[in-house]
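The chain contents come next:
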4 protein chains.
Amino acid sequence: MQPVCLVIGAGAGIGGNVARRFARDGYHAVLCRRTDEEGLKTLVAGITADGGSASGFLLNAVEPDSIEQRVADVEANIGPIEVVVYNLGAQIGNRTLADTSYKAFERGWRMATFGLFRTASSVCPHMVERGKGTILVTSATAAMRGNKEQHSHAAAMGGRRMLCQSLNAEFSARGIHVVHILIDGAVDAPDTLGKMLGPEAFQKLREERGLEHDGLLVPAKIAETYFHLAHQHRSAWTHELDLRAFSDLPWWNH
Amino acid sequence: MQPVCLVIGAGAGIGGNVARRFARDGYHAVLCRRTDEEGLKTLVAGITADGGSASGFLLNAVEPDSIEQRVADVEANIGPIEVVVYNLGAQIGNRTLADTSYKAFERGWRMATFGLFRTASSVCPHMVERGKGTILVTSATAAMRGNKEQHSHAAAMGGRRMLCQSLNAEFSARGIHVVHILIDGAVDAPDTLGKMLGPEAFQKLREERGLEHDGLLVPAKIAETYFHLAHQHRSAWTHELDLRAFSDLPWWNH
Amino acid sequence: MQPVCLVIGAGAGIGGNVARRFARDGYHAVLCRRTDEEGLKTLVAGITADGGSASGFLLNAVEPDSIEQRVADVEANIGPIEVVVYNLGAQIGNRTLADTSYKAFERGWRMATFGLFRTASSVCPHMVERGKGTILVTSATAAMRGNKEQHSHAAAMGGRRMLCQSLNAEFSARGIHVVHILIDGAVDAPDTLGKMLGPEAFQKLREERGLEHDGLLVPAKIAETYFHLAHQHRSAWTHELDLRAFSDLPWWNH
Amino acid sequence: MQPVCLVIGAGAGIGGNVARRFARDGYHAVLCRRTDEEGLKTLVAGITADGGSASGFLLNAVEPDSIEQRVADVEANIGPIEVVVYNLGAQIGNRTLADTSYKAFERGWRMATFGLFRTASSVCPHMVERGKGTILVTSATAAMRGNKEQHSHAAAMGGRRMLCQSLNAEFSARGIHVVHILIDGAVDAPDTLGKMLGPEAFQKLREERGLEHDGLLVPAKIAETYFHLAHQHRSAWTHELDLRAFSDLPWWNH
């Protein structure tokens, strides 16, 4: 049976491109996202058109049992999950404390922290039994430092990072490679940045900083590093690294 | 009206001692804890016997509206909250991932992260209006790095730390001093460490490392630094610091 | 004999004010600085006029044996050094790599890193013998992160911070309290910031951000925290903390 | 002309293996080490036997002008230095403060910090002119935290890390990719670990933790990540990452 790369949060940015990268080298990619069935079908079709193998599922990660059932179903019916890519963000834009509702704060935690906990709780038993597995966690600048109007995002991402370290502490020696990947800059991704900015501002930003300027992180290039990380020899594993455009400032310099 | 020092999580350890320290210098201390009405009365009586002013309330911080109502009630009926000490921990002992229930993980977040968010949401409007205030947050080693069997605790505390930085970013310039105080070691506290270890093991530890050895953090001494922090001049505020016994190793050395 | 507080780097900013603060509570302050004998005399006279006890010495910290002999002389002729304040900076302004000479880079290390190593090597044997002592190290943002045109400063301060942690690891349990104090902002200090900016720009900055705005760190207020740190109970010592003006951004937010 | 990968510190561990890895993909590898001309010849011969292209030079990095002349000579006579691997360590084993001579402390800085500064000062002008280049810096746990009896090593490596961040801040946007690679564990390297432990203890460690156990970092596997880093697309560069054996604890957990 083909090894599976399960991507939770598979839009046209990092998630979809990582799925495609792993499919190119023989993995069956399982793409999950909350909405946009059409977009999901397009991503899956694109991978299969390139000769890869993929499936797509709608999945609402904040709903009870959604992740758990998807993991169980993939393991039972598709193949062993060798790689999980947890790629759900929890950015809700800038909000003052007064404008951050309890509901929004809780939702951030459910997406960014609790969802990863549930994912790990679901896949680790399978991976431990097989003595191997990889959990690649997309993370954000807010995991490293809080900032103005980032109450929800920073609390959720800070929790995510400490959870990654705790998972690593328990599972690394049992063959499960957990990586906290700090995406420290804007990604050229229509489904996230594009939606946040709106089509015009997004296109303008691409023309000014992205495209041939390479000033926005290119998802297909990010995917190369995800793939490398999942194939590091177990004598030389990375747990934390950052990724940003060459022309951008790291979080500690701005 | 006397300025109020509101302590959320006031047992016989850090919380009770910080309350007493502030009461000694003219604050009215409001002590809140979830259970043990008897212990609460004893703490309040101890403060008043020393000539201080204090009140005590049972408060279940994970219950909706509990913190919000207490803050409103104190502001309306007791006095302006100049200092809040958020002293609720979320340590549940060592638990493997398999032994960490979804409920336990969520409860950790409700105590350590969401409770602080609710507290800040409740007191900050009052403090902003007055142009001053102090939020002292007791934190733990787990806020700095994840560890084996600390999934719930580390995720909750990591979130707490990033929330403190975000609160600081929004409110520092408006006169609210937020401090993340890393208690990096075992505290000589009967209501927390004492209960976790049981009376015999706790007494043994005190005799071996605590008492005149000063190898356990002494709550009354911790309280001196809390008091100092709340009275730093606004041109020279501390946002993060660590506290540990001289004979103990810092988190980065073990 | 009076306990001594030895200040290496005692200008009219942090160093001089810390000396004065300790002298106010019974220490004999020994002030050392490289140049400006007149200024040194003024500082010493100011302390003695207030009823304190102080001496002043010119000391070129990059010269071999200068620190070593001063420490030996103080211990032999003045009193036991209970507190050392290592307050030498190594800021040389912004310099590109091309404009940072080997000599400047080495000098930064000699001032910021090697000078502290020599100081610790000189005082620790005395402090170990007495089973107590405090080493307060003024540090800078550059100890936490490198930055553009800060090659020399950041390398020197990064080395200083790791040295502080190493000193703490060896000497804390033997009663020597080492503190790395991150001064994360501009200090209202005529001898350092004032000289770097020139008198007019400095006065302008004071009027815009300092003085009653409290937006520049006030040395006399910083000194209160230095004093508190040196008097923390050994069951609750701080090793690292930051200090900045309430209206300023922490290093991780700019 | 072939692009050059210049390795400063090329023994039979990380340095030699990284040289070999780059040579495999078309770089001319220039191997530099302080001593053991025989070993150097063996490394170069091994690379050329595999069809790669390489040269070897003895180089004493603490000697004035040694690095500068080597860089100038390679640029003039061999080819453009596209990649520099700065692989000199400064570990001198555990030494108390009393046992760390001024000379040893200074030598640590000359090897670990100043040597990198000189290297960067020498190669950056060439790389800036070409608008591209990569500087891969091998670093150690001591760059992240000080520790007992690591005064010299930690101070030198802490300086190195802050220097890497400063170089990145100035040169990243000009196309020079600087990476700080934290080797957070023991490397299966005869020329460093082997010499420190002696042949018998080293072989015992290999049998217990290394070899098929993969519990020591395998240099040839480390080299894969070095190669990947040097070929990341400039829209997605890593500046800091860690590498350790799956069965080992990260620095923040011990």
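Residues numbered from 1 in each chain as written. Chains lettered and ligands numbered in written order. Predicted model: local features only at pLDDT ≥ 70, side-chain atom pairs only at ≥ 80, totals over all residues. Heavy atoms only, no water.

(A) Region of interest: the overall build of chain A. What chain A contains, in helices and strands, is 8 helices and 7 strands. Here the C-alpha atoms of chain A give a radius of gyration of 17 Å, agreeing with the 18 Å that 2.2 N^0.38 yields for 254 residues. When its C-alpha atoms are laid out on the principal axes, chain A stretches across 45 × 40 × 35 Å. When each of the 254 residues of chain A is scored for burial, the buried share is 64%. Sequence-distant contacts in chain A: of pairs separated by 6 or more residues, those separated by 24 or more amount to 74%. Total accessible area on chain A is roughly 9,100 Å²; 51% of this is exposed by carbon and sulfur atoms. Across chain A, the mean location of the 26 positive side-chain charges is 2 Å away from that of the 28 negative side-chain charges. (Helix = DSSP H or I, 4+ residues; strand = E, 2+ residues; numbered from the N terminus. Rg over C-alpha atoms; globule rule 2.2 N^0.38 Å. Buried < 20%, exposed > 50% of the residue type's maximum accessible area, 1.4 Å probe, protein only. Contact = heavy atoms within 4.5 Å. Areas by Shrake-Rupley, 256 points an atom, 1.4 Å probe, with all protein chains shown as cover. Lys, Arg positive; Asp, Glu negative; His and termini not counted. Charge placed at Lys NZ, Arg CZ, Asp CG, Glu CD.)

(B) Focus on the interface of chain A and chain B. Contact residues are listed per partner, giving 40 residues for chain A and 40 residues for chain B. Surface buried jointly by chain A and chain B totals about 3,000 Å² across both partners, of which 69% is contributed by carbon and sulfur atoms. Among the residues chain A hides against chain B, the three largest losses belong to A:Leu97, A:Tyr102 and A:Phe117. Together they make up 22% of the total. In this assembly, chain A and chain B are joined by 2 salt bridges. A salt bridge links B:Glu106 to A:Arg110, with the shortest nitrogen-to-oxygen separation between them at 3.2 Å. In this structure, the connection of chain A to chain B is made through 12 residue pairs in polar contact (both at pLDDT 80 or more). Sorting the residues of the side of chain A that touches chain B by element identifies helix H4 (102-130) and helix H5 (151-171) of chain A as the ones contributing at least two each. Partitioning the side of chain A that touches chain B into residue classes produces 18 nonpolar, 14 polar and 8 charged. (Buried area = accessible area lost by both parts, 1.4 Å probe. Salt bridge = Lys/Arg side-chain N within 4 Å of Asp/Glu carboxyl O. Polar contact = N/O pair within 3.5 Å; in protein donor to acceptor, adjacent residues only side chain to side chain. Nonpolar A, V, L, I, M, F, W, Y, C, P; charged D, E, K, R; others polar.)

(C) Main features of the relation of the copies chain C and chain D. Placing chain C over chain D gives an RMSD of 0.0 Å and needs a rotation angle of 180 degrees, together with 0.0 Å of translation along the axis. These values place the two chain copies in the arrangement generated by a two-fold rotation axis. Proximity to the rotation axis, assessed at the C-alpha, singles out C:Gly159 in chain C; its C-alpha lies 2.1 Å from the axis. Of all interface residues in chain C, 100% are interface residues in chain D too; the two copies therefore contact each other through one and the same surface. (Least-squares fit on C-alpha atoms with pLDDT ≥ 70 in both.)

(D) Inspection of the environment of B:Leu163 at higher detail. Within the secondary structure layout, B:Leu163 lies in helix H5 (residues 151-171). Along the chain, B:Leu163 and B:His180 lie 17 residues apart, while their C-alpha atoms are 9.7 Å from each other. Setting aside its immediate chain neighbours within four residues, B:Leu163 contacts A:Phe105, A:His151, A:Ala155, B:Thr113, B:Leu116 and B:Phe117.

(E) How the structure looks around the pattern of salt bridges. With the rule as written, the count across this model stands at 77 salt bridges over all chains. Note that D:Lys204 and D:Glu208 form a salt bridge whose closest N and O atoms lie 3.2 Å from each other. Pair noted here: D:Lys204 and D:Glu208 are both in helix H7 (residues 199-209), with a separation of 4 residues, about one helical turn. Through salt bridges that share partners, A:Arg21, A:Arg24, A:Asp25 and A:Glu224 make up one connected network.

(F) Region of the structure containing the packing of H5(A) against H5(B). Between H5(A) and H5(B), the shortest axis-to-axis distance is 7 Å and the interhelical angle comes to 150 degrees. Relative to H5(B), H5(A) is oriented roughly antiparallel. Between H5(A) and H5(B) lies a crossing whose hand is right-handed. Contacts between H5(A) and H5(B) involve A:His151, A:Ala154, A:Ala155, A:Gly158, A:Gly159, A:Met162, A:Leu163, A:Ser166, A:Leu167 and A:Glu170 from the first element and B:His151, B:Ala154, B:Ala155, B:Gly158, B:Gly159, B:Met162, B:Leu163, B:Ser166, B:Leu167 and B:Glu170 from the second. Each residue belonging to the contact of H5(A) with H5(B) can be placed in one class, and the counts come to 10 nonpolar, 8 polar and 2 charged. (Axes fitted to C-alpha atoms, helices over the stretch in contact; angles between N-to-C directions. Parallel < 35°, antiparallel > 145°, perpendicular 65-115°, else oblique. Left-handed = near helix turned anticlockwise from the far one by under 90°.)

(G) Looking closely at the relation of the copies chain A and chain B. Superposition of chain A onto chain B requires a rotation of 180 degrees combined with a translation of 0.0 Å along the rotation axis, giving an RMSD of 0.0 Å. Same-surface contact between copies: 100% of interface residues of chain A are shared with the interface of chain B.

(H) Structural context of the pairing of strand S5 (residues 133-140) of chain D. Residue and element names in this part refer to chain D. The element S5 is extensively covered by neighbouring structure, given that 8 of its 8 residues are classed as buried. Here S5 shows no split at all, with Gly133, Ile135, Val137 and Ser139 on one side and Thr134, Leu136, Thr138 and Ala140 on the other all buried. Pairing of strand S4 (residues 81-86) with S5 involves 4 bridges; the strand directions are parallel. From the neighbouring strand, Val83 faces S5, where its bridge partner is Thr134. Pairing between S5 and strand S6 (residues 176-183): 8 bridges, direction parallel. Across the sheet, the residue bridging to Ser139 is Leu182, located in S6. The β-α-β motif built from S5, the intervening helix H5 (residues 151-171) and the parallel element S6 has right-handed crossover chirality. (Pairing = 2+ DSSP bridges. Right-handed = clockwise from strand over helix to strand, strands pointing away.)

(I) Inspection of the interface of chain C and chain D at higher detail. With 40 residues of chain C at the interface, the matching set in chain D holds 40 residues. Buried surface at the junction of chain C and chain D, both sides included, amounts to about 3,000 Å², of which 69% is carbon and sulfur. Scanning the region where chain C abuts chain D turns up 2 salt bridges. Scanning the region where chain C abuts chain D turns up 12 residue pairs in polar contact (both at pLDDT 80 or more).

(J) Summary view of helix H8 (residues 219-230) of chain A. Over its 12 residues, H8(A) runs 17 Å from end to end, which matches the ideal 16 Å to within 8%, given 1.5 Å per residue. Residues of H8(A) that are buried: A:Pro219, A:Ile222, A:Ala223, A:Thr225, A:Tyr226, A:Phe227, A:His228, A:Leu229 and A:Ala230. Buried residues along H8(A) sit in contact with helix H1 (14-24), strand S4 (81-86), strand S5 (133-140), strand S6 (176-183) and strand S7 (240-243) of chain A together with helix H8 (219-230) of chain D. (Expected span 1.5 Å × (residues − 1).)

(K) Local environment of the side chain of B:Asn168. With respect to the secondary-structure elements, B:Asn168 resides in helix H5. B:Asn168 sits in the buried class, given a relative accessible area of 6%.

(L) Representation of empty space enclosed by the protein. Tallied over the full model, the rule gives 11 cavities of 30 Å³ or more. Size it by volume and the largest cavity reaches roughly 1,200 Å³. (1 Å grid on protein atoms, 1.4 Å probe; cavity = no way out; pocket = protein on both sides within 12 Å on 5 of 7 lines; lining within 4 Å. Points joined across faces, edges and corners; volume = space filled by probe spheres on them.)

(M) Representation of helix H4 (residues 102-130) of chain D. Residue and element names in this part refer to chain D. With 29 residues, H4 should cover 42 Å at 1.5 Å per step; its first-to-last C-alpha distance of 40 Å lies within 8% of that length. Along H4, the sharpest change in direction is near 40 degrees and occurs at Arg110. Burial of H4 is extensive: 21 of the 29 residues sit out of reach of the surface. Gly131 lies just past H4 and shows a positive phi near 70 degrees. (Bend = angle between axes of the 7 residues up to and from the residue.)

(N) Examining the side chain of C:Ser139 more closely. Looking at the element boundaries, C:Ser139 is found in strand S5 (residues 133-140). With residues near it in sequence (within four places) discarded, C:Ser139 still touches C:Met157, C:Arg160, C:His180, C:Ile181, C:Leu182 and C:Ile183.

(O) Fine view of the packing of aromatic side chains. With the rule as written, the count across this model stands at 48 aromatic pairs over all chains. Taken together, the ring pairs in this structure connect A:Tyr102, A:Phe105, A:Trp109, A:Phe114, A:Phe117, B:Tyr102, B:Phe105, B:Trp109, B:Phe114 and B:Phe117 into an aromatic cluster. Seen from the ring of C:Phe227, C:Arg21 lies directly overhead, with NZ or CZ sitting 3.9 Å from the centre. (Phe/Tyr/Trp six-rings, centres within 6.5 Å; stacked < 30°, edge-to-face > 60°. Lys NZ or Arg CZ within 6 Å of the ring centre and 35° of its normal.)

(P) Local environment of the packing of helix H6 (residues 190-197) of chain B against helix H7 (residues 199-209) of chain B. Residues and elements named next belong to chain B. As a packed pair, H6 and H7 sit with axes 6 Å apart at the nearest point and diverge in direction by 115 degrees. Our classification of the angle between H6 and H7 gives roughly perpendicular. Note on packing geometry: the crossing formed by H6 with H7 is right-handed. Contacts between H6 and H7 involve Pro190, Leu193, Gly194 and Leu197 on the former and, on the latter, Pro199, Ala201, Phe202 and Leu205. Taken together, the residues of the contact of H6 with H7 break down into 7 nonpolar, 1 polar and no charged.

(Q) Seen up close, the state of the cysteines. Under the defined criterion, the tally for this structure stands at 0 disulfides over all chains. In this structure D:Cys124 is a free cysteine whose sulfur lies 11 Å from that of D:Cys164, the closest cysteine sulfur available. (Disulfide = S-S within 2.5 Å.)

(R) Region of the structure containing the confidence of the model for chain A. Of all residues in chain A, 100% have pLDDT values of 70 or greater, and the mean over the chain is 97. With a pTM of 0.98, the predicted complex shows an ipTM of 0.97. (pLDDT = per-residue confidence, 0-100.)

(S) Region of interest: the environment of B:Asp248. Residue and element names in this part refer to chain B. By the secondary structure assignment, Asp248 is in the segment after strand S7 (240-243). Along the chain, Asp248 and Thr141 lie 107 residues apart, while their C-alpha atoms are 13 Å from each other. Excluding its chain neighbours within four sequence positions, the residues that come into contact with Asp248 are Asp184, Gly185, Ala186 and Arg209.

(T) Broad picture of unusual backbone geometry. Even without being glycine, A:Asp65 reaches a positive phi, approximately 70 degrees. Position of A:Asp65 among the secondary structure elements: in the loop between strand S3 (53-58) and helix H3 (66-77). The phi torsion at C:Asp214 lies on the positive side, around 60 degrees, for a residue other than glycine. With respect to the secondary-structure elements, C:Asp214 resides in the loop between helix H7 (199-209) and helix H8 (219-230). Residue C:Asp214 is classed as buried on the basis of its relative accessible area, which comes to 12%.

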